[in-house]
Amino acid sequence: MKHFLKETDLTLREAAGVFAQAASFKKSRGRKTAPVLSQQTWAMIFSKSSTRTRVSFEVGIHELGGNPLFLNKNDIQLGRGESIEDTARVLSRYVHGLVVRTFDHNDAVKLAQYSSVPVINALTDLLHPCQMYSDAFTLAERWAGRSKNLLGSLKGKKIAFVGDTACNMASSWVLGANYFGMKIAVSGPKGFSPSPAFDAFLASEGFENGYEFTTDPYEAVRDADVVYTDVWVSMGKEAESAKRLKLLAPYVVDAELLAAAKPSAFFMHCLPAYPGKEVTQEVLDSPQSIIFDQAENRLHMQKAIMAFLAKAAKSKR
Ligand code: CP
Ligand code: NVA
């Protein structure tokens, strides 16, 4: 069974097809969309808050002719200790796909292991691949021009990720950038650098030493085509808030830092943003900011991922 738990779960050829499909869904939205999830129900098991992911998946499943079923972890027996294994096996008897947002990435992996329907990672503490694919698509839309080669347009471009470089978005971007042939520099305080466990994971994916780490954000953004940041306090890290805000304070993305990247550089943020903390309002509102296109593209990209996985699952039956 094909799942989408990490950026590399699709072959590059499959990813190219999914990017093209996302472009096509975007173009034809509201006019003609093949109901590829017709007669299907996709369950969404969420253990963390969400605005974009929840709404874009629910709308996307609906637009593909399917029925979204939102399950807050605490409303189902999983929240009372029923095993992930049994939850996966039981839900697989009812639904045609699972979308999961949780803490431990291994829980999503286990869900997929015991599920007989496709599982999509809608964010774990390790990775946020739906966001990374949507972000990469957002850039490809700009860089591909008339060429149909969306993925190819990313090759050789440089991303600078500034802030909490140990968070899921940084990790997803490091993995995805390596996979799509981009360069990536990450910059934050030493305490928030990618962990040895992440380095081992990256190496296991074939990308040893796949990023440059520097504590100097100006060094990271030099020659960068994209400056990316994320919240300083990710979901589940609230107890560390005070420490994080203090240590990360020198890593705010402001107009001066953005100006140190290429003049054509884009500013990106997965959102939600906290203006005045990881980024200034001026940067969020600047013409270089493409944050709402990123948010919109979650819908088109996730529809394309679901359409791909549903087709792959059908051919397995
Ligand atoms: N970017 C993102 O995943 O946002 P939500 O937490 O609102 O889903
Ligand atoms: N790093 C953030 C991303 C939110 C979409 C978090 O995990 O809270």
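For the structure given in this document, a descriptive report is provided here. (Residues numbered from 1 in each chain as written. Chains lettered and ligands numbered in written order. Predicted model: local features only at pLDDT ≥ 70, side-chain atom pairs only at ≥ 80, totals over all residues. Heavy atoms only, no water.)

1. Observations regarding the packing of helix α5 (residues 129-143) against helix α6 (residues 168-179)
Point 1. Interaxial distance between α5 and α6 falls to 9 Å at its minimum, and their mutual angle equals 55°. By the angle between their axes, α5 is oblique relative to α6. Here the hand of the crossing between α5 and α6 comes out right-handed. Facing Pro129, Gln131, Met132, Tyr133, Asp135, Ala136 and Leu139 of α5, the residues of α6 in contact are Met169, Ser172, Trp173, Gly176, Ala177 and Tyr179.
Point 2. Split by residue class, the contact of α5 with α6 holds nine nonpolar, three polar and one charged. (Axes fitted to C-alpha atoms, helices over the stretch in contact; angles between N-to-C directions. Helix = DSSP H or I, 4+ residues; strand = E, 2+ residues; numbered from the N terminus. Parallel < 35°, antiparallel > 145°, perpendicular 65-115°, else oblique. Left-handed = near helix turned anticlockwise from the far one by under 90°. Contact = heavy atoms within 4.5 Å. Nonpolar A, V, L, I, M, F, W, Y, C, P; charged D, E, K, R; others polar.)

2. Quick notes on the pattern of salt bridges
Point 1. Scanning the entire structure with this criterion turns up 14 salt bridges.
Point 2. For Arg244, the salt bridge is made with Asp164, and the minimal N-O distance between the two is 2.9 Å. Taken together, the residues Arg244 in helix α9 (residues 241-248) and Asp164 in the loop between β5 (158-162) and α6 connect sequence positions 80 residues apart. Pair check on accessibility: Arg244 and Asp164 agree, each one buried.
Point 3. Counted as one network, the salt bridges with shared partners bring together Lys6, Asp9 and Glu205. (Salt bridge = Lys/Arg side-chain N within 4 Å of Asp/Glu carboxyl O. Buried < 20%, exposed > 50% of the residue type's maximum accessible area, 1.4 Å probe, protein only.)

3. Digging into the sheet that holds strand β2 (residues 67-72)
Within a sheet, each strand pairs with its neighbour through backbone hydrogen bonds, oriented either parallel or antiparallel.
Point 1. If you trace the four strands from one edge of the open sheet to the other, you get β2-β1-β3-β4, paired in parallel fashion. The open sheet terminates on both sides in strands that have one partner only, identified here as β2 and β4 (119-121). Averaged over all adjacent pairs, the angle separating strand axes in this sheet is 20°, with direction ignored.
Point 2. Judged from the six bridges that link them, strand β1 (residues 41-46) and β2 form a sheet pairing that is parallel. For Thr41, the partnering residue across the bridge sits in β2 and is Asn67.
Point 3. Lying over the sheet, helix α4 (residues 105-114) contacts β1, β3 (97-101) and β4, oriented at roughly 165° with respect to β4. (Pairing = 2+ DSSP bridges.)

4. Here we look at the site of ligand 2
Point 1. Taken together, Leu123, Asn168, Asp230, Val231, Ser234, Met235 and Leu271 form the complete shell of residues around ligand 2.
Point 2. In the model, a nitrogen atom of ligand 2 is placed 2.6 Å from a nitrogen or oxygen of the Asp230 side chain.
Point 3. Within the backbone of Met235, one N or O atom sits 2.8 Å away from an oxygen atom of ligand 2.
Point 4. Looking at the shell around ligand 2 residue by residue, the class counts come to four nonpolar, two polar and one charged. (Near = heavy atom within 4 Å. Polar contact = N/O pair within 3.5 Å; in protein donor to acceptor, adjacent residues only side chain to side chain.)

5. Thoughts on the layout of surface pockets
Over the atoms a probe the size of a water molecule is rolled, and this reveals where empty space is left.
Point 1. Here the second largest pocket defines a volume of roughly 310 Å³.
Point 2. Residue lining of the second largest pocket: Ala20, Ala23, Lys26, Lys27, Phe137, Glu141, Ala144, Gly145, Arg146, Ser147, Lys148 and Leu150, and that is the complete set.
Point 3. Mapped onto the lining of the second largest pocket, the elements with two or more residues apiece are α1 (12-28) and α5.
Point 4. In terms of residues, the lining of the second largest pocket owes the most to one element, α1, which gives four residues. (1 Å grid on protein atoms, 1.4 Å probe; cavity = no way out; pocket = protein on both sides within 12 Å on 5 of 7 lines; lining within 4 Å. Points joined across faces, edges and corners; volume = space filled by probe spheres on them.)

6. Comments concerning the site of ligand 1
Point 1. Taken together, Ser50, Thr51, Arg52, Thr53, Arg101, His128, Gln131, Cys270, Leu271 and Arg298 make up the full set of residues adjacent to ligand 1.
Point 2. His128 is positioned with one of its side-chain polar atoms (N or O) 2.8 Å from an oxygen atom of ligand 1.
Point 3. In terms of residue class, the shell around ligand 1 is made up of two nonpolar, five polar and three charged.

7. Brief notes about helix α7 (residues 196-204)
Point 1. Looking at α7, one finds that the buried residues are Phe198, Phe201 and Leu202. Angular distribution of buried residues about the axis of α7 spans 100°; they occupy a single face of the element. Within α7, the exposed residues directed more than 90 degrees away from the buried face are Pro196, Ala197 and Ser204.
Point 2. Packing partners of the buried residues in α7 comprise α6.
Point 3. Gly206 lies just past α7 and shows a positive phi near 95°. (Arc of directions from axis to C-beta.)

Just geometry here; none of it tells us what the structure is for.
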